[in-house]
Amino acid sequence: MAKIIGQVARLNSLETIYNASSALVLVIQNGKALAHGEVDSDEQFEIELPDGVTGEVEIRLGLYGAAPVFAEATGDDIMVTLFYNNALYFG
């Protein structure tokens, strides 16, 4: 069974409003949720993909200001870094 192993990186660390601990990580393919996981206190996550998943998958972090990542599932483990903006700007 293939896994998505990843870490979360902040784009702005000067004015910290929130962090990614306990945030949802969602794996989507063709508009359907395949798997999900949660970011741990070290801002890392590990998600097991269902058997037989191949092709492009989208990996989303459940935080405002987070950029999705697209990866190719081939049956091997996938390593990714998800980025998010941890400062709120109004204006």
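Just so it is clear, the structure is predicted and the values come from calculations on it, not from any experiment. (Residues numbered from 1 in each chain as written. Predicted model: local features only at pLDDT ≥ 70, side-chain atom pairs only at ≥ 80, totals over all residues. Heavy atoms only, no water.)

J.: Where do I start with the nonpolar core in this structure?
T.: Taken as a class, soluble globular proteins show a tendency for nonpolar side chains to be buried jointly. Ranked by internal contacts, the top residues of the largest apolar core, which has 23 residues, are Ile4, Val25, Val39, Phe45 and Leu61. For this core, the secondary structure elements donating two or more residues are β1 (3-10), β2 (24-29), β4 (44-48), β5 (55-61), β6 (69-73) and β7 (78-84). Per element, the largest residue contribution to this core is four residues, and it comes from β7. Not counting the four nearest positions on each side in its chain, Phe45 is found in contact with Ile4, Ile5, Gly6, Gln7, Val8, Val25, Glu38, Val39, Val80 and Leu82. (Core = buried A, V, L, I, M, F, W, Y, C linked by side-chain atoms within 4.5 Å. Buried < 20%, exposed > 50% of the residue type's maximum accessible area, 1.4 Å probe, protein only. Helix = DSSP H or I, 4+ residues; strand = E, 2+ residues; numbered from the N terminus. Contact = heavy atoms within 4.5 Å.)

J.: Could you clarify how one ought to interpret the sheet that holds β7 in this entry?
T.: Note: strands within a sheet are paired through backbone hydrogen bonds, in either parallel or antiparallel orientation. Spatially, β4-β1-β7 is the arrangement adopted by the three strands of the open sheet, whose pairing is mixed. A single partner strand is all that each edge strand has here, and the edge strands are β4 and β7. Across the sheet, the mean angle from the axis of one strand to that of its neighbour is 25 degrees, orientation sign disregarded. Sheet analysis places β1 next to β7, joined by seven bridges and oriented parallel. Residue pairing for β7: Val8 is matched across the bridge by Leu82. (Pairing = 2+ DSSP bridges. Axes fitted to C-alpha atoms, helices over the stretch in contact; angles between N-to-C directions.)

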